[in-house]
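Topology and contacts: notes
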Amino acid sequence: MLTRKQLELLLFINERLKEEGVPPSFEEMKEALNLQSKSGVHRLIVALEERGFLKRMPNRARALEVIKLPESHSPSLAPKKSGFSPNVIQGNLGRVKPVTAANDGIPRAVIVPLMGRIAAGVPIAAIQDHSNNISVPPEMLGPGEHFALEVKGDSMIDAGIFDGDTVLIRKGDVAHNGEIVVALVDEEEATLKRLRRKGDSIALEAANPSYETRIFGPDRIRVQGRLVGLLRKY
């Protein structure tokens, strides 16, 4: 599955190749997708190449070849200057029917959608679609809609969050200073970090001295939810 930005870029390159016979420049791709930097374009191209949709021709500047397009895509997804605000936490979230005991009707667990993986390290592609469900003790959740994510990476180990853990997230776009959140960076990459507001900037702090704090402008970060619980298998 491609993320929205990956699909936008693939269609944009394909249309430019059909119209002009040459791919767009990195600057043109950055502007078309409303990205903040050319490094964002580079990450998208690498991801498309890894998935077999795009091929870079060696020893040729701006040489890109579209290998294939997704079997089902809509032309309406072509990039627009106005941009968009996707919610990468997809599917039916949260308020689901509790699993109850057969004899007394007391809730024993709540079914929460497992949405895929979240990076606790270098950000990975935005969160995938609803992939599974997990059972969670109701006392771990509280009000609101929730989803679960599998952690990949070690940047939050000093906060007790390890590679392979499953984190429980309360969906929302508001977080207080110092809370651990799912943050969407540049509408494309999702990561699990501690959020700090510093003046007009937002810092995403790791809980591992091997990782540096990353600073962003407020328009580059969207909170998708905040950490409320953690599950671990031994």
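Our subject is the structure listed above.
Residues numbered from 1 in each chain as written. Predicted model: local features only at pLDDT ≥ 70, side-chain atom pairs only at ≥ 80, totals over all residues. Heavy atoms only, no water.

1. Section: the nonpolar core
Stated precisely, the cut-off is as follows: In this description, a nonpolar core means a group of buried Ala, Val, Leu, Ile, Met, Phe, Trp, Tyr and Cys residues linked to one another through side-chain atoms lying within 4.5 Å. Type-normalised accessible area, obtained with a 1.4 Å probe on protein chains alone, sets the label of each residue: buried when under 20%, exposed when over 50%, and partly exposed for intermediate values. The helix and strand labels rest on DSSP assignments: H or I over at least four residues marks a helix, E over at least two residues marks a strand, and numbering proceeds from the N terminus. Residue contacts are counted whenever heavy atoms from the two residues lie within 4.5 Å of one another.
Core analysis: the biggest nonpolar cluster contains 19 residues, and Leu9, Leu10, Ile13, Met29, Ile45, Leu48 and Leu54 have the highest contact counts within it. When residues of this core are traced back to their parent elements, those giving at least two are helix H1 (4-20), helix H2 (26-32), helix H3 (38-50) and strand S2 (64-66). Ranked by the residues each element gives to this core, the list is headed by H1, at six residues. In contact with Leu10, other than residues within four places in its own chain, are Leu2, Leu48, Phe53, Leu54, Val66, Lys68, Leu69 and Pro70.

2. A short note on the environment of Lys30
By the secondary structure assignment, Lys30 is in helix H2. In the structure, Lys30 is positioned 21 residues away from Leu9 in sequence and 9.3 Å away in space, judged by C-alpha atoms. When sequence neighbours within four positions are dropped, the list of residues in contact with Lys30 reads Leu35, Gln36, Ser37, Lys38 and Val41.

3. A word on the side chain of Lys193
Keep this limit in mind: Under this definition, polar contacts are N or O atom pairs within 3.5 Å; protein pairs additionally need one hydrogen-donor-capable and one acceptor-capable atom, and for neighbouring residues in sequence, both atoms have to be side-chain atoms.
Along the chain, the position of Lys193 falls in strand S10 (residues 189-198). A polar contact of 3.0 Å, which involves the side chain of Lys193, links it to the side chain of Ser155. When neighbours within four sequence positions are excluded, Lys193 is seen to be in contact with Ala119, Ala120, Gly121, Ser155, Met156, Glu179, Ile180, Val181, Leu204, Glu205 and Ala206.

4. Digging into the pattern of salt bridges
For clarity, the cut-off: We count a salt bridge whenever a side-chain nitrogen from Lys or Arg sits within 4 Å of a carboxyl oxygen from Asp or Glu.
Following the criterion strictly, the structure yields 14 salt bridges and no others. Between Glu8 and Lys5 there is a salt bridge, and its shortest N-O distance comes to 4.0 Å. Note that Glu8 and Lys5 are positioned in helix H1 at a spacing of three residues, about one turn of the helix. Its relative accessible area of 4% is what places Glu8 among the buried residues. The salt bridge partner of Glu28 is Arg16, with a shortest N-O separation of 3.1 Å. You can see Glu28 sitting in helix H2 and its partner Arg16 sitting in helix H1, a full 12 residues away along the chain. Residue class for Glu28 comes out partly exposed when judged on its relative accessible area of 33%. Linked through salt bridges whose partners overlap, the residues forming this network are Glu27, Lys30, Glu31 and Lys38.

5. Side note on the layout of surface pockets
What counts here: Put simply, the grid is 1 Å and covers the protein atoms alone, a cavity is a trapped set of points that fit a 1.4 Å probe, a pocket is an open set with protein on both sides within 12 Å along at least five of seven lines, and lining residues have an atom within 4 Å of a point. Grid points are joined across faces, edges and corners, and a volume is the space filled by probe spheres set on the points.
In this model, the largest pocket occupies a volume close to 250 Å³. The wall of the largest pocket is formed by Leu114, Ile134, Ser135, Glu150, Phe162, Asp163, Gly164, Asp165, Thr166, Leu231, Arg232 and Lys233.

6. Quick notes on the environment of Pro24
Secondary-structure assignment places Pro24 in the loop between H1 and H2. Pro24 sits in the buried class, given a relative accessible area of 1%. Each C-alpha atom, one on Pro24 and one on Ile13, is 6.5 Å from the other, the two residues being 11 residues apart in sequence.

7. Describing H1
As a reminder of what qualifies: Multiply 1.5 Å by the residue count of a helix minus one, and that product is the helix's expected span.
Its 17 residues give H1 an end-to-end C-alpha distance of 24 Å, which sits within 8% of 24 Å, the value for a rise of 1.5 Å per residue. Of all the residues in H1, the buried ones are Lys5, Gln6, Leu7, Glu8, Leu9, Leu10, Leu11, Phe12, Ile13, Asn14 and Arg16. A positive backbone phi angle near 80° is found at Gly21, which sits one or two residues after H1.

8. A word on the packing of aromatic side chains
The test is simple: When the centres of two rings from Phe, Tyr and Trp lie within 6.5 Å, Trp using its six-membered ring, the rings pair. Their planes under 30 degrees apart give stacked, over 60 give edge-to-face, and anything left gives tilted. Geometrically, a charge over a ring is one whose NZ (Lys) or CZ (Arg) sits within 6 Å of the ring centre while staying within 35 degrees of the ring normal.
Tallied over the entire structure, the rule returns zero aromatic pairs. Directly above the aromatic system of Phe53 lies the positively charged group of Lys68, at a separation of 4.8 Å from the ring centroid.

9. Focus: the pairing of strand S13 (residues 221-231)
Stated formally: For two strands to count as paired, DSSP must find a minimum of two bridges between them.
Where strand S8 (residues 166-171) lies against S13, six bridges are found, and the strand directions are antiparallel. Following the sheet pairing, Arg170 is matched in S13 by Arg226. Sheet analysis places strand S9 (residues 180-185) next to S13, joined by five bridges and oriented antiparallel. Paired with Val185 across the two strands is Ile221, which belongs to S13.

Any link to function would need more than the numbers given here.
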